[in-house]
Every structure is written in structure tokens, then in C-alpha cells.
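Residue strings, one per chain:
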Amino acid sequence: MGLVPVHQPAARAGLGAGGQSSCQAKVRRATSGWAAGGSAAPGRALEMVPGAAGWCCLVLWLPACVAAHGLRIHDYLYFQVLSPGDIRYIFTATPAKDFGGIFHTRYEQIHLVPAEPSEACGELSNGFFIQDQIALVERGGCSFLSKTRVVQEHGGRAVIISDNAVDNDSFYVEMIQDSTQRTADIPALFLLGRDGYMIRRSLEQHGLPWAIISIPVNVTSIPTFELLQPPWTFW
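The chain carries the name Protease-associated domain-containing protein 1 in an unreviewed UniProt entry, which gives Camelus ferus as its organism. Here the chain is described in UniProt, under the heading Function (unreviewed entry), as follows: "Plays a role in the modulation of physical activity and adiposity." Entered under Subcellular location (unreviewed entry) in the UniProt record, the comment concerning the chain runs "Secreted".

Okay, structure coming up:
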């Protein structure tokens with residue numbers, strides 16, 4: 001059984017008769033793209049329950065749970081920013097659907113380096129700092145696969161591609177292969193635009209060339225996971 005936070009605090013939603021409808025509205029919004037026509041996929045039972053810390057949660061009773069655009073719950077990947085301290089949160093990302101590699105090891109501390117230029121569609125001026133580290137790049141200008149290959153060619157261990165819509169704090173884009181039939185070997189992850197913007201802004205404010213992160217993070221072993229999520233993603 002998997003729990004999907006709907007980001008609606010019980011204090012605001014109210015878990016009584018009136019509050020549940022408010023919470024359900026959040027669920028409908030969060031799951032509007034699950035299947036053709038915007039309804040839940042056939043055979044998937046949905047139920048509203050009070051979650052940890054008073055959260056409204058959506059319970060998915062089948063193991064192959066489907067989230068927005070066909071993403072399964074176990075397809076989410078998490079990383080934690082360790083430095084700078086003001087964004088020491090656990091972030092949620094989604095792996096590319098049909099290209100890129102997987103993480104074979106956990107990096108307890110590795111640099112997350114914003115690419116220059118940020119869209120990473122060609123030669124990187126700071127490619128030296130991306131070698132053996134993870135690049136943070138921005139959506140736009142070229143395909144997701146092209147960005148991944150550029151980072152791979154600069155020796156990056158993985159790439160995190162944030163949406164270029166900086167107000168996007170809830171919609172995960174499914175990254176798919178382009179029409180070139182090229183391949184990439186390093187992991188490629190999609191990050192919400194709001195999260196990418198806040199990470200970059202913190203680095204700029206502190207005058208830092210990179211963040212230090214731990215990736216991937218097993219959130220099931222963290223009892224306070226909900227408290228460690230970025231506060232700007234709360235509804």
C-alpha cells in the first residue's frame with residue numbers, strides 16, 4: 001500500500017463531512033491525468049484517510065499504483081540537500097521513462113552543480129565541475145535526452161532536469177526518448193520547477209557554485225519525512 005500526500009493540512013481541510021470534500025477536491029486535482037478522461041484507472045480503489053501529522057492522503061490499494069501520467073509510486077526518487085542549510089529538504093524527482101540509467105549506489109555526499117548555460121544543450125562552461133558530480137539543468141532549448149547526453153559527455157554521474165515553469169510545484173512531466181534513437185547511460189530525473197528555482201536561488205544568495213546532496217534517499221526509513229519536504233509545495 002502506498003501513500004500519496006495531497007498537501008492539504010487537516011487544519012484547513014477539516015476531516016469532517018465538509019472538510020473531506022475539500023480534501024477530495026485536492027485529490028481530484030492531483031490525479032486529474034491518471035487515465036484517459038481524467039478518471040482513475042479501472043480496478044484501482046481510492047479512499048480518503050487521515051494521514052500522519054493530520055494530512056489527507058490517498059490510499060492506492062494495488063501494488064502497481066499509477067500516479068500522474070502513468071508514473072508508479074515506486075518510480076519516485078528522492079534526494080536530500082545537505083547544504084546550503086536553508087534548503088535542507090528532501091526533494092521528489094521522477095526518472096526518465098525510456099532512457100537513461102539507474103542509481104547502482106547511494107551517494108552520501110555529492111555535488112549538485114547548476115549547469116552553465118542552464119539549459120545544457122551544448123558545451124558547458126563549467127563542465128569541469130560537473131565531472132563525477134550531478135548536474136542541475138533547466139528544461140527547454142533541446143530534448144531531455146540531449147541534455148542528458150551533454151552531461152554524460154562532461155563526465156556527470158547523473159542529471160536532474162528542473163521544469164522551466166518556476167511556479168510549477170505539483171506537475172511532473174514524463175521525460176521520454178526523442179526521435180533520434182540515441183541513448184544515454186546516466187540517470188536522468190525530472191524536478192518540479194519551483195524546487196529547481198529555490199535550489200538555484202539559495203546557491204546564488206550564498207554565492208555557492210553547487211549544493212551538496214545525498215541521493216537516492218530511502219524515505220520509508222525516515223519517520224519525519226513529511227516534515228522534511230519543501231514548505232513551498234504545501235497547499
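A. Geometry of the packing of aromatic side chains. A full pass over the atoms with the stated rule returns eight aromatic pairs. Relative to W232, the ring of Y89 has its centre 5.5 Å away and its plane inclined at 90°; by these criteria the two rings are edge-to-face. With Y89 in the loop between β4 (77-83) and β5 (90-95) and W232 in the segment after β10 (211-215), the pair connects residues that are 143 residues apart, well separated along the chain. Residue classification places Y89 among the buried residues on the basis of a relative accessible area of 19%. For the ring pair F128 and F129, a centre distance of 5.6 Å and an interplane angle of 80° mean the geometry is edge-to-face. A relative accessible area of 68% places F128 in the exposed class. Judged by relative accessible area, F129 falls into the partly exposed class, the value being 43%. Taken together, the ring pairs in this structure connect F79, Y89, F91 and W232 into an aromatic cluster.

B. View of the pattern of salt bridges. Summed over all chains, the structure comprises six salt bridges. Two residues, R106 and E108, come together in a salt bridge whose shortest N-O distance is 3.8 Å. One salt bridge connects D178 with R182, and the closest N-O pair in it is separated by 2.9 Å.

C. Highlighting the pairing of strand β7 (residues 134-138). β7 sits mainly inside the fold: four of its five residues count as buried. Relative to β7, strand β6 (residues 107-114) runs parallel, the two being bridged by three bridges. By the bridge assignment, P114 is partnered in β7 with L136. Summarising the sheet, β7 and strand β8 (residues 158-162) pair through five bridges and their orientation is parallel. Its bridge partner lying in β8, E138 is registered against S162. In the classification by handedness, the crossover that spans β7, the intervening helix α4 (residues 144-153) and the parallel β8 is right-handed.

D. How the structure looks around unusual backbone geometry. Residue P84 follows S83 across a cis peptide bond; omega there is 5°. With respect to the element layout, P84 can be found in the loop between β4 and β5. Here I215 and P216 are connected by a cis peptide whose omega angle stands at -15°. Mapped onto the elements, P216 comes out in the segment after β10. Even without glycine at this site, A120 takes up a positive phi of about 50°. Of note, A120 is situated in the loop between β6 and α3 (127-130). Its identity is not glycine, yet D132 carries a phi of approximately 65°, on the positive side. Overall, the relative accessible area of 37% leaves D132 in the partly exposed class.

Cut-offs applied
- Residues numbered from 1 in each chain as written.
- Predicted model: local features only at pLDDT ≥ 70, side-chain atom pairs only at ≥ 80, totals over all residues.
- Heavy atoms only, no water.
- UniProt positions renumbered as here; feature names shortened; annotations may be inferred.
- Phe/Tyr/Trp six-rings, centres within 6.5 Å; stacked < 30°, edge-to-face > 60°.
- Helix = DSSP H or I, 4+ residues; strand = E, 2+ residues; numbered from the N terminus.
- Buried < 20%, exposed > 50% of the residue type's maximum accessible area, 1.4 Å probe, protein only.
- Salt bridge = Lys/Arg side-chain N within 4 Å of Asp/Glu carboxyl O.
- Pairing = 2+ DSSP bridges.
- Right-handed = clockwise from strand over helix to strand, strands pointing away.

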